[in-house]
Amino acid sequence: MTVFRWIVFAVFLVVAPAHTQTPPAPTLFQNVRVFDGKSGRLSAPSHVLVQGNKIDRISSTPIVLDESTGAVRIDGGGRTLMPGLIDAHWHTMLIRQTAPETLIAESGYSNLLAGAEATDTLLRGFTTVRDLGGPAFSLKRAIDEGVTAGPRIFPSGAMITVTSGHGDFRQPYELPRVLGGPPSRMESIGGSMVADSPDEVRVRVREQLMQGATQIKLTAGGGVASPHSPLDASTFTEPELRAAVEAAENWGTYVTVHAYTPTSIQRAIAAGVKCIEHGHLMDETSAKLIADRGIWLSTQPFPDELAKAFPPGSPQAAKAQTVLAGTERTYELAKKYRLKTAWGTDLLFSRELAQLQGSLVAKMTRWYTPAEALIMVTGTNAQLLALSGERNPYPGKLGVVEEGAFADLLLVDGDPLTNINMVADPGRNFVVIMKDGKIYKNTLQSRSVSP
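These figures come from a predicted structure and were not determined experimentally.

**Q** Can you help me understand helix α9 (residues 284-293) in this one?
**A** Residue pairs spaced three or four apart in an α-helix point in one direction, given the helix's 3.6 residues per turn. Turning to α9, its buried residues number three or more, namely Ser286, Ala287 and Ile290. Viewed end-on, α9 has its buried residues packed into an arc of 100°, placing them on one side of the element. Exposed side of α9, more than 90 degrees from the buried face: Thr285 and Asp292 are the residues found there. If you follow the buried residues of α9, they end up packed against α8 (262-270), β13 (275-278) and α11 (315-336). Just past α9, the residue Gly294 takes up positive phi, approximately 70°.

**Q** Any chance you could explain the sheet that holds strand β7 (residues 126-131) here in plain terms?
**A** The strands that make up a sheet are held in pairs by hydrogen bonds between backbone atoms, and each pair lies either parallel or antiparallel. Across the sheet, which stays open at both edges, the three strands sit in the order β6-β7-β8 with parallel pairing between neighbours. Each edge of the open sheet carries a strand with a single partner, namely β6 (85-90) and β8 (152-155). Taking the axes of each pair of neighbouring strands and ignoring which way they run, one obtains an average angle of 15° across the sheet. By the bridge criterion, four bridges tie β7 to β8 in an arrangement that is parallel. In the sheet register, Thr128 faces β8, and the bridge partner there is Arg152. Sitting on the sheet, helix α14 (residues 370-385) touches β6, β7 and β8, and the angle it makes with β6 is about 50°.

**Q** Just to check I follow, could you spell out empty space enclosed by the protein for this structure?
**A** Over the atoms, a rolled probe matching the size of one water molecule traces out where space is still vacant. The final tally for this structure, using the stated rule, is one cavity of 30 Å³ or more. The space that makes up the largest cavity amounts to roughly 50 Å³. Lining the largest cavity are Thr92, Met93, Ile95, Arg96, Gln97, Ser110, Leu113, Ala114 and Glu117. Within the lining of the largest cavity, the residues separate by chemical class into four nonpolar, three polar and two charged.

Criteria and thresholds
All residue numbers here refer to positions counted from 1 along the written sequence of the relevant chain. pLDDT decides what is reported in this predicted model: residues at 70 or higher carry local features, side-chain atom pairs at 80 or more are listed and counted, and totals for whole chains, interfaces and linings draw on all residues regardless. Think of the side-chain values as coming from all heavy atoms in the structure, minus any hydrogens and water. Type-normalised accessible area, obtained with a 1.4 Å probe on protein chains alone, sets the label of each residue: buried when under 20%, exposed when over 50%, and partly exposed for intermediate values. Secondary structure elements are taken from DSSP: a helix is a run of H or I of four residues or more, a strand is a run of E of two residues or more, and numbering for both begins at the N terminus. What the arc describes is the spread of directions from the helix axis to the C-beta atoms. In this description, contact between two residues means that some pair of their heavy atoms is separated by no more than 4.5 Å. Any two strands are treated as partners once DSSP identifies two or more bridges connecting them. Orientation is described by lines fitted to C-alpha atoms, with helices fitted over the stretch in contact, and by angles between N-to-C directions that extend from 0 to 180 degrees. Think of a 1 Å grid over just the protein atoms. A cavity is a set of points where a 1.4 Å probe fits yet cannot get out, a pocket is an open set with protein on both sides within 12 Å along at least five of seven lines, and lining residues have an atom within 4 Å of a point. Grid points are joined across faces, edges and corners, and a volume is the space filled by probe spheres set on the points. Note on residue classes: Ala, Val, Leu, Ile, Met, Phe, Trp, Tyr, Cys and Pro are nonpolar, Asp, Glu, Lys and Arg are charged, and everything else, Gly too, is polar.

In C-alpha coordinates form, the structure reads like this:
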(Lines give C-alpha, C1' and ligand atoms only; values in the text may rest on other atoms or scores of the structure.)
Protein backbone atom coordinates (compact mmCIF):
# COMPACT_ATOMS: atom_id res chain seq x y z
CA MET A 1 0.00 0.00 0.00
CA THR A 2 1.39 3.40 -0.92
CA VAL A 3 2.09 6.06 1.69
CA PHE A 4 -0.82 8.12 0.30
CA ARG A 5 -3.22 5.20 0.69
CA TRP A 6 -2.04 4.60 4.25
CA ILE A 7 -2.75 8.24 5.07
CA VAL A 8 -6.24 8.05 3.56
CA PHE A 9 -6.92 4.80 5.43
CA ALA A 10 -5.75 6.33 8.73
CA VAL A 11 -7.94 9.40 8.24
CA PHE A 12 -10.93 7.14 7.50
CA LEU A 13 -10.38 5.28 10.76
CA VAL A 14 -10.39 8.57 12.66
CA VAL A 15 -13.47 10.12 11.12
CA ALA A 16 -15.66 7.12 10.31
CA PRO A 17 -18.39 6.64 12.91
CA ALA A 18 -17.86 3.62 15.07
CA HIS A 19 -21.55 2.81 15.25
CA THR A 20 -24.62 3.64 13.25
CA GLN A 21 -28.20 3.26 14.39
CA THR A 22 -30.85 1.28 12.56
CA PRO A 23 -33.80 3.54 11.69
CA PRO A 24 -36.62 2.84 14.17
CA ALA A 25 -39.87 1.31 12.96
CA PRO A 26 -42.81 3.70 12.51
CA THR A 27 -44.77 4.31 15.70
CA LEU A 28 -48.44 5.27 15.85
CA PHE A 29 -49.80 6.89 19.00
CA GLN A 30 -53.57 6.45 18.99
CA ASN A 31 -56.17 8.25 21.08
CA VAL A 32 -53.94 10.80 22.81
CA ARG A 33 -54.46 14.35 23.99
CA VAL A 34 -51.56 16.48 22.76
CA PHE A 35 -49.76 19.18 24.73
CA ASP A 36 -47.75 20.78 21.93
CA GLY A 37 -45.21 22.77 23.99
CA LYS A 38 -46.66 26.10 22.84
CA SER A 39 -50.29 26.45 23.97
CA GLY A 40 -51.75 26.05 27.41
CA ARG A 41 -54.36 23.45 26.56
CA LEU A 42 -54.63 19.88 25.40
CA SER A 43 -55.87 18.94 21.96
CA ALA A 44 -58.98 16.94 21.23
CA PRO A 45 -58.38 13.18 20.98
CA SER A 46 -55.71 12.76 18.31
CA HIS A 47 -53.46 10.31 16.53
CA VAL A 48 -49.74 10.94 16.00
CA LEU A 49 -47.57 9.05 13.51
CA VAL A 50 -43.80 8.95 13.90
CA GLN A 51 -41.73 8.04 10.86
CA GLY A 52 -37.99 7.73 11.35
CA ASN A 53 -36.98 10.37 13.88
CA LYS A 54 -39.67 12.92 13.00
CA ILE A 55 -43.37 13.44 13.67
CA ASP A 56 -44.96 12.69 10.32
CA ARG A 57 -48.69 13.27 10.88
CA ILE A 58 -51.05 14.55 13.55
CA SER A 59 -54.71 13.84 12.89
CA SER A 60 -58.02 14.08 14.70
CA THR A 61 -59.19 11.06 12.69
CA PRO A 62 -57.66 7.59 12.79
CA ILE A 63 -54.51 7.11 10.73
CA VAL A 64 -54.65 4.00 8.59
CA LEU A 65 -51.35 2.22 8.03
CA ASP A 66 -50.44 -0.49 5.58
CA GLU A 67 -49.76 -3.69 7.48
CA SER A 68 -46.44 -4.08 5.70
CA THR A 69 -44.95 -1.12 7.60
CA GLY A 70 -44.35 -3.19 10.73
CA ALA A 71 -45.37 -0.16 12.76
CA VAL A 72 -45.73 -0.20 16.52
CA ARG A 73 -49.15 0.96 17.69
CA ILE A 74 -49.55 2.48 21.14
CA ASP A 75 -53.06 3.00 22.42
CA GLY A 76 -52.82 6.14 24.52
CA GLY A 77 -56.21 5.63 26.12
CA GLY A 78 -56.74 9.39 26.37
CA ARG A 79 -53.36 10.01 28.03
CA THR A 80 -51.28 13.12 27.33
CA LEU A 81 -48.62 13.13 24.63
CA MET A 82 -46.13 15.95 25.15
CA PRO A 83 -42.61 16.99 24.10
CA GLY A 84 -39.61 15.62 25.92
CA LEU A 85 -38.36 17.92 28.67
CA ILE A 86 -35.34 20.17 28.16
CA ASP A 87 -32.90 21.18 30.90
CA ALA A 88 -31.17 24.40 29.83
CA HIS A 89 -28.47 24.23 32.52
CA TRP A 90 -27.08 20.75 33.12
CA HIS A 91 -23.64 19.30 33.78
CA THR A 92 -23.61 15.86 32.19
CA MET A 93 -20.17 14.90 33.45
CA LEU A 94 -20.34 16.44 36.93
CA ILE A 95 -23.32 14.75 38.57
CA ARG A 96 -22.51 11.50 40.34
CA GLN A 97 -19.12 12.34 41.79
CA THR A 98 -18.34 14.96 44.40
CA ALA A 99 -15.98 17.76 43.42
CA PRO A 100 -12.95 16.11 45.10
CA GLU A 101 -13.81 12.76 43.49
CA THR A 102 -14.06 14.45 40.10
CA LEU A 103 -10.54 15.80 40.48
CA ILE A 104 -8.92 12.49 41.41
CA ALA A 105 -10.97 9.92 39.49
CA GLU A 106 -9.61 8.15 36.43
CA SER A 107 -11.31 9.58 33.35
CA GLY A 108 -12.58 6.22 32.08
CA TYR A 109 -14.45 5.63 35.32
CA SER A 110 -15.87 9.16 35.28
CA ASN A 111 -17.17 8.64 31.76
CA LEU A 112 -18.85 5.37 32.71
CA LEU A 113 -20.58 7.08 35.64
CA ALA A 114 -21.66 9.95 33.42
CA GLY A 115 -23.04 7.53 30.84
CA ALA A 116 -25.13 5.79 33.49
CA GLU A 117 -26.42 9.14 34.73
CA ALA A 118 -27.22 10.20 31.15
CA THR A 119 -29.45 7.14 30.82
CA ASP A 120 -31.17 8.03 34.10
CA THR A 121 -31.62 11.59 32.83
CA LEU A 122 -33.38 10.33 29.72
CA LEU A 123 -35.59 8.04 31.81
CA ARG A 124 -36.62 11.06 33.88
CA GLY A 125 -38.10 12.40 30.62
CA PHE A 126 -35.30 14.83 29.73
CA THR A 127 -34.60 14.23 26.06
CA THR A 128 -32.32 17.28 25.64
CA VAL A 129 -29.87 19.12 27.89
CA ARG A 130 -27.69 22.18 27.41
CA ASP A 131 -24.43 21.23 29.10
CA LEU A 132 -22.78 24.28 30.66
CA GLY A 133 -19.46 22.95 31.82
CA GLY A 134 -17.61 19.66 31.56
CA PRO A 135 -15.91 17.28 29.13
CA ALA A 136 -19.13 16.04 27.54
CA PHE A 137 -17.98 15.77 23.92
CA SER A 138 -17.22 12.03 23.94
CA LEU A 139 -20.40 11.16 25.82
CA LYS A 140 -22.43 13.23 23.37
CA ARG A 141 -20.87 11.29 20.50
CA ALA A 142 -21.60 7.94 22.16
CA ILE A 143 -25.24 8.93 22.69
CA ASP A 144 -25.65 10.27 19.16
CA GLU A 145 -24.18 7.08 17.71
CA GLY A 146 -26.43 4.86 19.81
CA VAL A 147 -23.61 3.40 21.90
CA THR A 148 -25.38 4.43 25.10
CA ALA A 149 -28.77 5.91 25.94
CA GLY A 150 -29.04 9.53 26.98
CA PRO A 151 -30.41 12.94 26.06
CA ARG A 152 -29.34 15.15 23.20
CA ILE A 153 -26.46 17.27 24.47
CA PHE A 154 -25.67 20.87 23.53
CA PRO A 155 -22.13 20.98 24.97
CA SER A 156 -20.16 24.02 26.09
CA GLY A 157 -17.02 22.09 26.87
CA ALA A 158 -14.91 23.48 29.68
CA MET A 159 -16.32 26.50 31.47
CA ILE A 160 -13.88 29.37 31.17
CA THR A 161 -12.87 31.23 34.31
CA VAL A 162 -10.15 33.48 35.72
CA THR A 163 -7.58 32.84 38.41
CA SER A 164 -9.57 32.56 41.70
CA GLY A 165 -12.87 32.61 39.79
CA HIS A 166 -15.82 30.26 39.88
CA GLY A 167 -14.53 27.05 38.34
CA ASP A 168 -10.94 27.45 39.55
CA PHE A 169 -10.50 24.44 41.83
CA ARG A 170 -6.74 24.72 42.26
CA GLN A 171 -5.20 24.66 45.70
CA PRO A 172 -2.96 27.46 47.02
CA TYR A 173 0.13 25.27 46.69
CA GLU A 174 -0.42 25.25 42.91
CA LEU A 175 0.22 28.99 42.73
CA PRO A 176 1.67 31.01 41.16
CA ARG A 177 0.24 30.14 37.78
CA VAL A 178 2.85 30.19 35.03
CA LEU A 179 1.57 31.24 31.62
CA GLY A 180 2.18 28.40 29.22
CA GLY A 181 2.79 26.00 32.10
CA PRO A 182 1.18 22.60 32.61
CA PRO A 183 -2.61 22.56 33.06
CA SER A 184 -4.25 22.01 36.42
CA ARG A 185 -6.13 18.79 37.08
CA MET A 186 -9.54 20.37 36.35
CA GLU A 187 -8.14 21.82 33.13
CA SER A 188 -6.61 18.51 32.07
CA ILE A 189 -9.94 16.70 32.38
CA GLY A 190 -11.79 19.50 30.55
CA GLY A 191 -13.96 20.73 33.42
CA SER A 192 -12.78 24.33 33.37
CA MET A 193 -10.05 26.46 31.81
CA VAL A 194 -8.35 29.49 33.36
CA ALA A 195 -7.84 32.56 31.17
CA ASP A 196 -6.49 35.89 32.47
CA SER A 197 -6.33 38.11 29.42
CA PRO A 198 -8.35 38.73 26.24
CA ASP A 199 -5.83 36.73 24.22
CA GLU A 200 -6.01 33.76 26.58
CA VAL A 201 -9.80 33.93 26.49
CA ARG A 202 -9.78 33.75 22.70
CA VAL A 203 -7.55 30.67 22.78
CA ARG A 204 -9.72 28.86 25.34
CA VAL A 205 -12.94 29.71 23.50
CA ARG A 206 -11.54 28.51 20.19
CA GLU A 207 -10.35 25.28 21.81
CA GLN A 208 -13.90 24.50 22.94
CA LEU A 209 -15.32 25.36 19.51
CA MET A 210 -12.71 23.12 17.88
CA GLN A 211 -13.96 20.22 20.01
CA GLY A 212 -17.60 20.82 19.11
CA ALA A 213 -18.99 23.37 21.57
CA THR A 214 -22.44 24.61 20.61
CA GLN A 215 -22.17 27.66 22.86
CA ILE A 216 -19.53 29.09 25.18
CA LYS A 217 -19.81 29.40 28.96
CA LEU A 218 -17.83 31.94 31.00
CA THR A 219 -18.05 32.55 34.74
CA ALA A 220 -18.46 36.31 35.02
CA GLY A 221 -18.81 36.38 38.78
CA GLY A 222 -18.40 34.40 41.99
CA GLY A 223 -20.12 31.06 42.59
CA VAL A 224 -21.33 28.73 45.29
CA ALA A 225 -19.34 25.52 44.80
CA SER A 226 -15.91 26.95 44.02
CA PRO A 227 -13.59 27.41 46.99
CA HIS A 228 -11.99 30.76 46.12
CA SER A 229 -14.73 32.95 44.60
CA PRO A 230 -16.94 35.15 46.81
CA LEU A 231 -20.44 35.69 45.43
CA ASP A 232 -19.95 39.44 45.15
CA ALA A 233 -16.76 39.14 43.10
CA SER A 234 -16.79 40.21 39.46
CA THR A 235 -14.21 38.28 37.52
CA PHE A 236 -13.70 38.90 33.79
CA THR A 237 -13.11 42.43 32.58
CA GLU A 238 -15.26 43.78 29.78
CA PRO A 239 -12.45 43.41 27.17
CA GLU A 240 -12.01 39.78 28.20
CA LEU A 241 -15.72 39.10 27.91
CA ARG A 242 -15.82 40.88 24.56
CA ALA A 243 -13.00 38.68 23.28
CA ALA A 244 -15.08 35.60 24.05
CA VAL A 245 -18.15 37.08 22.38
CA GLU A 246 -16.16 37.95 19.25
CA ALA A 247 -14.63 34.46 19.01
CA ALA A 248 -18.02 32.78 19.48
CA GLU A 249 -19.78 35.04 17.00
CA ASN A 250 -17.07 34.27 14.44
CA TRP A 251 -18.30 30.69 14.69
CA GLY A 252 -21.95 31.68 14.49
CA THR A 253 -22.81 31.01 18.10
CA TYR A 254 -23.06 32.87 21.42
CA VAL A 255 -21.70 33.30 24.94
CA THR A 256 -23.63 32.69 28.12
CA VAL A 257 -22.26 33.69 31.53
CA HIS A 258 -22.60 32.55 35.10
CA ALA A 259 -23.53 35.78 36.91
CA TYR A 260 -25.44 36.55 40.10
CA THR A 261 -24.79 40.21 40.84
CA PRO A 262 -25.84 43.42 39.05
CA THR A 263 -22.23 44.34 38.24
CA SER A 264 -21.47 40.96 36.66
CA ILE A 265 -24.74 40.97 34.72
CA GLN A 266 -24.39 44.51 33.40
CA ARG A 267 -20.73 44.10 32.43
CA ALA A 268 -21.52 40.91 30.51
CA ILE A 269 -24.38 42.53 28.62
CA ALA A 270 -22.16 45.50 27.72
CA ALA A 271 -19.70 43.02 26.21
CA GLY A 272 -22.36 41.44 23.98
CA VAL A 273 -23.28 38.30 25.94
CA LYS A 274 -26.63 36.83 24.84
CA CYS A 275 -27.66 34.89 27.96
CA ILE A 276 -27.33 35.27 31.73
CA GLU A 277 -27.21 32.14 33.87
CA HIS A 278 -28.72 32.44 37.36
CA GLY A 279 -29.13 36.16 38.12
CA HIS A 280 -30.35 35.36 41.65
CA LEU A 281 -28.95 38.60 43.10
CA MET A 282 -30.05 40.91 40.28
CA ASP A 283 -31.66 44.27 40.93
CA GLU A 284 -34.38 46.22 39.14
CA THR A 285 -31.89 48.04 36.90
CA SER A 286 -30.34 44.77 35.76
CA ALA A 287 -33.73 43.22 35.01
CA LYS A 288 -34.76 46.23 32.96
CA LEU A 289 -31.47 46.11 31.02
CA ILE A 290 -32.00 42.40 30.27
CA ALA A 291 -35.48 43.20 28.97
CA ASP A 292 -34.41 46.23 26.91
CA ARG A 293 -31.56 44.32 25.21
CA GLY A 294 -33.58 41.15 24.60
CA ILE A 295 -31.13 39.04 26.61
CA TRP A 296 -32.10 35.56 27.78
CA LEU A 297 -32.31 34.81 31.50
CA SER A 298 -31.58 31.14 32.17
CA THR A 299 -32.36 30.78 35.84
CA GLN A 300 -33.08 27.94 38.21
CA PRO A 301 -35.49 27.21 41.08
CA PHE A 302 -32.71 25.73 43.20
CA PRO A 303 -33.87 23.10 45.71
CA ASP A 304 -33.57 23.80 49.41
CA GLU A 305 -31.44 20.66 49.60
CA LEU A 306 -28.69 22.52 47.72
CA ALA A 307 -27.32 24.11 50.89
CA LYS A 308 -27.28 20.71 52.59
CA ALA A 309 -24.93 19.39 49.91
CA PHE A 310 -22.07 21.36 51.51
CA PRO A 311 -20.51 20.87 54.98
CA PRO A 312 -22.44 22.76 57.70
CA GLY A 313 -20.81 26.10 58.45
CA SER A 314 -18.72 26.04 55.28
CA PRO A 315 -18.43 29.11 53.02
CA GLN A 316 -20.16 27.15 50.27
CA ALA A 317 -23.18 26.42 52.48
CA ALA A 318 -23.45 30.10 53.40
CA LYS A 319 -23.22 31.15 49.76
CA ALA A 320 -25.90 28.62 48.84
CA GLN A 321 -28.26 30.14 51.41
CA THR A 322 -27.69 33.60 49.95
CA VAL A 323 -28.52 32.39 46.45
CA LEU A 324 -31.60 30.49 47.62
CA ALA A 325 -32.87 33.64 49.32
CA GLY A 326 -32.69 35.52 46.01
CA THR A 327 -34.75 33.07 43.99
CA GLU A 328 -38.14 34.61 44.76
CA ARG A 329 -37.04 38.11 43.77
CA THR A 330 -35.49 36.84 40.54
CA TYR A 331 -38.70 35.27 39.32
CA GLU A 332 -40.69 38.32 40.39
CA LEU A 333 -38.45 40.52 38.24
CA ALA A 334 -38.54 38.04 35.36
CA LYS A 335 -42.33 38.21 35.33
CA LYS A 336 -42.53 41.96 35.89
CA TYR A 337 -40.27 42.72 32.90
CA ARG A 338 -41.43 39.77 30.79
CA LEU A 339 -37.92 38.49 30.40
CA LYS A 340 -37.15 35.68 27.97
CA THR A 341 -36.81 33.12 30.73
CA ALA A 342 -35.42 29.62 30.33
CA TRP A 343 -35.57 26.84 32.89
CA GLY A 344 -32.73 24.66 34.14
CA THR A 345 -31.43 22.95 37.26
CA ASP A 346 -27.61 23.33 37.50
CA LEU A 347 -27.47 20.30 39.79
CA LEU A 348 -23.90 19.25 40.59
CA PHE A 349 -21.91 16.62 42.44
CA SER A 350 -24.87 14.66 43.83
CA ARG A 351 -26.79 11.75 42.37
CA GLU A 352 -29.50 12.32 44.96
CA LEU A 353 -30.02 15.94 43.90
CA ALA A 354 -30.13 14.90 40.24
CA GLN A 355 -33.22 12.84 40.98
CA LEU A 356 -35.03 16.09 41.88
CA GLN A 357 -34.87 17.22 38.25
CA GLY A 358 -38.59 16.70 37.59
CA SER A 359 -39.55 18.05 41.01
CA LEU A 360 -37.92 21.36 40.08
CA VAL A 361 -40.26 21.60 37.10
CA ALA A 362 -43.21 21.21 39.45
CA LYS A 363 -41.71 23.81 41.80
CA MET A 364 -42.20 26.44 39.09
CA THR A 365 -45.89 26.69 40.01
CA ARG A 366 -44.81 28.99 42.84
CA TRP A 367 -44.48 31.64 40.11
CA TYR A 368 -46.19 30.30 36.97
CA THR A 369 -49.23 28.28 36.00
CA PRO A 370 -48.59 24.60 35.19
CA ALA A 371 -49.06 25.37 31.49
CA GLU A 372 -46.58 28.27 31.62
CA ALA A 373 -44.03 26.12 33.42
CA LEU A 374 -44.36 23.23 30.97
CA ILE A 375 -44.12 25.56 27.98
CA MET A 376 -40.94 27.01 29.48
CA VAL A 377 -39.32 23.60 29.92
CA THR A 378 -40.21 22.50 26.37
CA GLY A 379 -40.93 25.04 23.62
CA THR A 380 -39.27 28.05 25.27
CA ASN A 381 -36.08 26.21 26.17
CA ALA A 382 -35.90 24.98 22.58
CA GLN A 383 -35.88 28.59 21.39
CA LEU A 384 -32.84 29.25 23.56
CA LEU A 385 -31.07 26.22 22.08
CA ALA A 386 -31.63 27.64 18.61
CA LEU A 387 -29.23 30.51 19.44
CA SER A 388 -26.42 28.09 18.58
CA GLY A 389 -27.20 28.73 14.92
CA GLU A 390 -24.90 26.80 12.61
CA ARG A 391 -23.31 25.08 15.61
CA ASN A 392 -26.62 23.38 16.41
CA PRO A 393 -25.90 19.63 16.18
CA TYR A 394 -29.60 18.82 15.83
CA PRO A 395 -31.01 21.24 13.24
CA GLY A 396 -34.77 20.92 13.33
CA LYS A 397 -37.67 21.52 15.69
CA LEU A 398 -37.21 20.56 19.32
CA GLY A 399 -39.51 21.04 22.28
CA VAL A 400 -42.80 20.86 20.36
CA VAL A 401 -45.29 18.31 19.11
CA GLU A 402 -46.00 19.26 15.53
CA GLU A 403 -45.55 17.77 12.11
CA GLY A 404 -41.91 17.79 11.05
CA ALA A 405 -40.56 18.15 14.60
CA PHE A 406 -38.14 15.68 16.13
CA ALA A 407 -39.95 12.75 17.74
CA ASP A 408 -38.85 13.42 21.33
CA LEU A 409 -42.06 12.48 23.12
CA LEU A 410 -43.48 11.56 26.51
CA LEU A 411 -46.77 9.75 27.05
CA VAL A 412 -48.02 10.83 30.47
CA ASP A 413 -50.51 8.80 32.47
CA GLY A 414 -52.75 11.80 33.15
CA ASP A 415 -52.93 15.53 32.49
CA PRO A 416 -49.82 17.43 33.64
CA LEU A 417 -51.52 20.74 32.82
CA THR A 418 -53.84 20.16 35.76
CA ASN A 419 -51.44 18.12 37.88
CA ILE A 420 -47.87 19.20 37.14
CA ASN A 421 -46.62 17.05 40.01
CA MET A 422 -46.83 14.14 37.59
CA VAL A 423 -43.46 15.18 36.13
CA ALA A 424 -41.92 14.83 39.60
CA ASP A 425 -42.50 11.06 39.49
CA PRO A 426 -41.43 10.02 35.99
CA GLY A 427 -41.02 6.38 36.94
CA ARG A 428 -44.72 6.10 37.60
CA ASN A 429 -46.24 8.68 35.26
CA PHE A 430 -44.16 8.61 32.07
CA VAL A 431 -45.42 5.39 30.54
CA VAL A 432 -43.67 5.92 27.19
CA ILE A 433 -40.41 7.79 26.61
CA MET A 434 -39.26 8.32 23.03
CA LYS A 435 -36.22 10.18 21.77
CA ASP A 436 -35.35 10.66 18.12
CA GLY A 437 -38.14 8.26 17.15
CA LYS A 438 -36.79 5.42 19.31
CA ILE A 439 -38.74 4.07 22.29
CA TYR A 440 -36.62 3.83 25.43
CA LYS A 441 -39.46 3.03 27.81
CA ASN A 442 -42.93 1.58 27.23
CA THR A 443 -44.94 0.17 30.12
CA LEU A 444 -48.10 -0.10 28.03
CA GLN A 445 -49.01 -3.13 25.98
CA SER A 446 -47.99 -2.48 22.37
CA ARG A 447 -48.19 -4.60 19.28
CA SER A 448 -46.48 -4.65 15.96
CA VAL A 449 -48.55 -4.71 12.82
CA SER A 450 -47.48 -7.96 11.25
CA PRO A 451 -46.81 -7.98 7.51
